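Residue strings, one per chain:
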Amino acid sequence: DDAKAASDRWNDAVASGRRFTAEYRFLHRNGEWRVFRDTSWPVLEANGTIRHRQIFTEDITSKRFAEEQAHRSEARYRALVEHLPVIVYVDTDEQTPRSLYVSPNSREVLGYEPREFLADPALWFESMHPDDLPRVRAAWAEALATREPFHAEYRQVKPDGTVVWVRDDSMLVRDDEGEPLFWQGVLLDVTAEREAALELRQSETRYRTLVDQVPAIMYEMGPDDERRTLFVSPHVEEILGYPRQEWLDQPDIWVELLHTDDREQELAAHDRHNETGEPWQREYRL
């Protein structure tokens, strides 16, 4: 496969008197293909005619193999990175870092093409929500000073105004001598997670507001023989006279306060409903 191209280049060099350079595969006696780089230059007589050619032939098989392995490794890495549901990036070790690489996911997550981040070092901070910018800048400055990993959650604003919550984790990569090379990071879209947490907090707030306003004792009790109170609403003090904290701290307070004439009957009913898991509705004296 290499013979004709190498031969043509050699003939051109001989005809023109120019330098010859070529790379080709050569069959070793043991049957193994080796890769060589040939360099040839003319040696001239005093009158300028070519006396002969000096040739330097270098075996570059190992180098080519290492390069091919590196290319394959990089191809696998890029294929993996570009299919992950995260943004992978490589930044310079600077106060305002320049992006050396940004995976294609930036378009989907942040609304900006990778080339836009590569071209404009300030874009990352400029597209950040202004309320989060001082905190993130301070965290990045601390990471630069301490050389510890960088971690932050903040909002990015897409070109259309949509706000995206991201979790940003990055670490400093060093060379064999320990000198800093660059920061490699992963940026994950956590908008859904943040919205779910916010909805949970709002739901809990609504629930507790409702519970605190209902003129009854709302409670949660562990489904075991201890019958420990896990939660009780503030109305317990108004209705039964016991502070809420005392009710929570004393595991068997409900049992102790049952009227003696009702106790055995209610404990048996409680055990039965624990076993069956059925709802209950009872009337008894405390």
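For clarity, every value in this text was computed on a predicted model and none was experimentally measured. (Residues numbered from 1 in each chain as written. Predicted model: local features only at pLDDT ≥ 70, side-chain atom pairs only at ≥ 80, totals over all residues. Heavy atoms only, no water.)

Visitor: Could you clarify how one ought to interpret the sheet that holds strand 3 (residues 50-59) in this entry?
Guide: Hydrogen bonds between backbone atoms are what pair the strands of a sheet, whose relative direction is either parallel or antiparallel. Across the sheet, which stays open at both edges, the 3 strands sit in the order 1-2-3 with antiparallel pairing between neighbours. Since the sheet does not close on itself, it has two edges, and those belong to strand 1 (20-27) and strand 3, each with one partner. The mean angle between the axes of side-by-side strands here comes to 30 degrees, regardless of whether they run parallel or antiparallel. By the bridge criterion, 9 bridges tie strand 2 (residues 33-44) to strand 3 in an arrangement that is antiparallel. (Pairing = 2+ DSSP bridges. Helix = DSSP H or I, 4+ residues; strand = E, 2+ residues; numbered from the N terminus. Axes fitted to C-alpha atoms, helices over the stretch in contact; angles between N-to-C directions.)

Visitor: Explain the sheet that holds strand 7 (residues 163-174) to me, please; I cannot follow it from the model alone.
Guide: Read across the open sheet, the 5 strands follow the order 5-4-8-7-6; overall the sheet is antiparallel. The open sheet has two free edges, formed respectively by strand 5 (99-102) and strand 6 (150-157), since each of these has just one partner strand. Strand-to-strand twist in this sheet, taken as the mean axis angle between neighbours without regard to direction, amounts to 25 degrees. Its contacts with the sheet put helix 6 (residues 133-146) on strand 6 and strand 8 (180-189), and the angle it makes with strand 6 is roughly 150 degrees. Taken strand by strand, helix 7 (residues 191-213) contacts strand 6, strand 7 and strand 8, and its axis lies near 125 degrees from that of strand 7. (Contact = heavy atoms within 4.5 Å.)

Visitor: When you look at the pattern of salt bridges in this model, what are you seeing that I'm missing?
Guide: Any two side chains of opposite charge can pair, given that their charged atoms come close. Across all of its chains, the model carries 19 salt bridges by this definition. Note that Glu23 and Arg64 form a salt bridge whose closest N and O atoms lie 2.6 Å from each other. Of this pair, Glu23 sits in strand 1 while Arg64 sits in helix 2 (residues 61-81), and the two are 41 residues apart along the sequence. Between Glu94 and Arg98 there is a salt bridge, and its shortest N-O distance comes to 3.2 Å. On the accessibility criterion, Glu94 (33% relative accessible area) is partly exposed. A single salt-bridge network, built from bridges that share partners, covers Glu23, Arg37, Glu58 and Arg64. (Salt bridge = Lys/Arg side-chain N within 4 Å of Asp/Glu carboxyl O. Buried < 20%, exposed > 50% of the residue type's maximum accessible area, 1.4 Å probe, protein only.)

Visitor: I tried to follow the packing of aromatic side chains on my own but got confused; where do I start?
Guide: The geometry of two aromatic rings is summed up by the distance between their centres and the angle between their planes. As enumerated under the stated definition, the model contains 11 aromatic pairs in all. Relative to Trp124, the ring of Phe117 lies with its centre 4.7 Å away and its plane at 50 degrees, an arrangement referred to as tilted. As far as the burial class goes, Phe117 and Trp124 line up, both buried. Members of the aromatic cluster, each reached through a chain of ring pairs, are Tyr89, Tyr112, Phe117 and Trp124. Its guanidinium or amino end placed over the ring of Trp10, Arg53 lies 5.6 Å from that ring's centre, counting from NZ or CZ. Above the ring of Phe125, the side-chain terminus of Arg137 is found at 4.1 Å from the ring centroid. (Phe/Tyr/Trp six-rings, centres within 6.5 Å; stacked < 30°, edge-to-face > 60°. Lys NZ or Arg CZ within 6 Å of the ring centre and 35° of its normal.)

Visitor: Looking at this structure, how should I read the nonpolar core?
Guide: Generally speaking, soluble globular proteins have nonpolar side chains that are buried together. Residues Phe117, Trp124, Phe150, Tyr154, Trp183 and Leu187 are the most contacted members of the largest nonpolar core, which totals 23 residues. Only strand 4 (87-91), helix 3 (105-110), helix 5 (123-126), helix 6, strand 6, strand 7 and strand 8 provide two or more residues apiece to this core. For this core, the element with the highest residue contribution is helix 6, accounting for 4 residues. Phe150 has contacts with Val136, Ala139, Trp140, Ala143, Asp168, Asp169, Ser170 and Trp183, leaving out every residue within four places of it along the chain. Judged by nonpolar contacts, the second largest core, of 10 residues, contains Val232, Trp247, Leu258 and Leu267. (Core = buried A, V, L, I, M, F, W, Y, C linked by side-chain atoms within 4.5 Å.)

Visitor: Looking at this model, I keep getting lost on the layout of surface pockets. Mind explaining?
Guide: A water-sized probe rolled over the atoms picks out the places where empty space is left. Estimates place the volume of the largest pocket at around 240 Å³. Around the largest pocket sit 13 residues that line it, and Ile217, Tyr219, Leu240, Tyr284 and Leu286 are the ones nearest its centre. At the level of elements, strand 9 (219-221), strand 10 (229-232) and helix 8 (235-240) are the ones that each hand at least two residues to the lining of the largest pocket. With 3 residues, the single largest contributor to the lining of the largest pocket is helix 8. When grouped by side-chain class, the residues that make up the lining of the largest pocket number 12 nonpolar, 1 polar and no charged. (1 Å grid on protein atoms, 1.4 Å probe; cavity = no way out; pocket = protein on both sides within 12 Å on 5 of 7 lines; lining within 4 Å. Points joined across faces, edges and corners; volume = space filled by probe spheres on them. Nonpolar A, V, L, I, M, F, W, Y, C, P; charged D, E, K, R; others polar.)

Visitor: What should I look at first to understand empty space enclosed by the protein in this one?
Guide: Taken as a whole and assessed by the stated rule, the structure comprises 1 cavity of 30 Å³ or more. The calculated volume of the largest cavity comes to roughly 190 Å³. Listed by contribution, the elements that provide at least two residues to the lining of the largest cavity are strand 4, helix 5, helix 6 and strand 6. By residue class, the composition of the lining of the largest cavity is 11 nonpolar, 1 polar and 3 charged.

Visitor: I keep staring at the pairing of strand 4 and nothing clicks. Help me out?
Guide: A large share of strand 4 lies buried, amounting to 5 of its 5 residues. Going residue by residue along strand 4, you find Ile87, Tyr89 and Asp91 tucked away on one face and Val88 and Val90 tucked away on the opposite face as well. Direction of pairing for strand 4 relative to strand 8: antiparallel, over a ladder of 5 bridges. Each residue of the ladder has a partner; that of Val88, found in strand 8, is Val186. Examined bridge by bridge, strand 4 and strand 5 share 3 bridges and lie antiparallel to one another. Bridged to Asp91 within strand 5 is Ser99.

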